[in-house]
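# Working through the structure, step by step
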Amino acid sequence: MKAALIREHGPAEKVEIATDLPVPEPGPGEVRLRVRAAALNYLDIWVRNGWPGIKLEYPHILGADAAGTIDALGPDVTDWDAGMRVAVDPILSCGECEFCRAGWENRCVRFRLLGEHVSGTFAEYITVPARNLIGLPDHVSFAEAAAASLVFVTAWHSLIARANLRPGETVLIIGAGGGVNTASLQIAKLTGCTVIVVGSSEDKLAKAQALGADAIIPRDVEGGWSRAVYQLTAKRGVDVVVDNVGAPTINDSLRALARGGRVVTVGNTGGPKVEIDNRLIFGKHLSILGSTMGTHRDYVRVMRLLFKGRLRAVIDAAYPLDEVRAAMARMEAGELFGKAVLEL
Ligand code: ZN
């Protein structure tokens, strides 16, 4: 079978298309999926580049998001049939640790993610636990389901489970185009919040406005965007900031918060090490809330909202598997608004 994989860490050129891989066999509790769509995430670039301590089994297939049809059932799988259309919750959890038992699969002590800790989804066939599946209604395309899975469960968990977002609150999102940000924008609007987006390009800000943003602020606005937020909110500040940039933005994000405000973060595209002015934290009663991915219950909840049309997968472009490097390059250059999808 065909798959996009790496044999060592490095730039986009390290990603190769293999055509002679064995088709995997589903183990107990697993199904084999014929992947029809997979979506790119920033995670794929981190994994490709590598970091100190990462240990992969090579060749390593990239990709966390997938949707497709069930191709074969492993032993003892009874709730599913071959041919069913499904999407995949990308988190693998042990089901036994204290966090799993409490329903926090994304805090599992043996937490693994498709495409990061184990082989991923950029392949014609993958095997996944049957309990990770959700059935797709006929009107939802494989591309939409794959594009939504990781970013929507991530945004839902950080805003709803961690930040306890409430109707009437004001949410500031740092960055207009990323997959998690376009998901966060929609989830905040669906909750009944006012949403402000800070972005780097006029084009992306216009698209964020079309997606429901109530106000947009150019990143390089005179006097700084944090000050612009302050003025826009009548010197009150916002209740929640979605900051997945990190080092270059976190202190402005803290300054933009109202008293009792919270920052949610699920990543750091701008660098991980930050220096924070602690006076802001205690003086304004602020919280910094981190999370990664979401629980399976979050996944089911957010995907059902997608199926009902209350949330929308934002797809920038679709590519054949052979063009994965081009898709990745556009993501790395910050050119995407929403997701790049691979169609297989
Ligand atoms: Zn566990």
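Structural data are supplied above this passage.
All figures in this text were calculated on a predicted structure; none of them were measured in a lab. (Residues numbered from 1 in each chain as written. Predicted model: local features only at pLDDT ≥ 70, side-chain atom pairs only at ≥ 80, totals over all residues. Heavy atoms only, no water.)

### Overview of the pattern of salt bridges
What counts, and what does not: Just to be clear on terms, a salt bridge is a Lys or Arg side-chain nitrogen sitting within 4 Å of an Asp or Glu carboxyl oxygen. Counting from the N terminus, the helices are the DSSP runs of H or I reaching at least four residues and the strands are the DSSP runs of E reaching at least two. Partly exposed residues are those whose accessible area sits between 20% and 50% of the maximum for their type, while under 20% is buried and over 50% is exposed, using a 1.4 Å probe and protein chains only.
One pass over the full model with this rule turns up 14 salt bridges. Linking Asp322 and Lys2 is a salt bridge whose minimum nitrogen-to-oxygen distance equals 3.1 Å. You can see Asp322 sitting in the loop between β17 (315–320) and α10 (324–332) and its partner Lys2 sitting in the segment before β1 (3–6), a full 320 residues away along the chain. A salt bridge links Asp71 to Arg32; its shortest N-O distance comes to 2.6 Å. Of this pair, Asp71 sits in strand β5 (residues 65–73) while Arg32 sits in strand β3 (residues 30–39), and the two are 39 residues apart along the sequence. Given the relative accessible area of 31%, Asp71 is considered partly exposed.

### Some thoughts on a nonpolar patch on the surface
Rule in force here: Each patch is assembled from residues with relative accessible area greater than 30% and no salt bridge, linking like charges that lie within 9 Å and nonpolar side chains (Val, Leu, Ile, Met, Phe, Trp, Tyr) that lie within 5 Å. Residue exposure ignores everything except the shown protein chains as possible cover, and the areas themselves are Shrake-Rupley values with a 1.4 Å probe.
Residues Tyr42, Trp46 and Trp51 make up a contiguous nonpolar surface patch of roughly 270 Å² in combined accessible area. Looking at the secondary structure, you find Trp46 in helix α1 (residues 42–49).

### Observations regarding the environment of Leu306
Defined as follows: When checking whether two residues touch, look at their non-hydrogen atoms; a contact exists if any pair is within 4.5 Å.
Looking at the element boundaries, Leu306 is found in helix α9 (residues 296–307). Judged by relative accessible area, Leu306 falls into the buried class, the value being 8%. The spacing of Leu306 and Tyr230 is 76 residues in sequence and 33 Å in space, taken between C-alpha atoms. For Leu306, the residues in contact, after removing those within four places along its chain, are Val140, Glu144, Ala145, Ala148, Leu311, Arg312 and Ala313.

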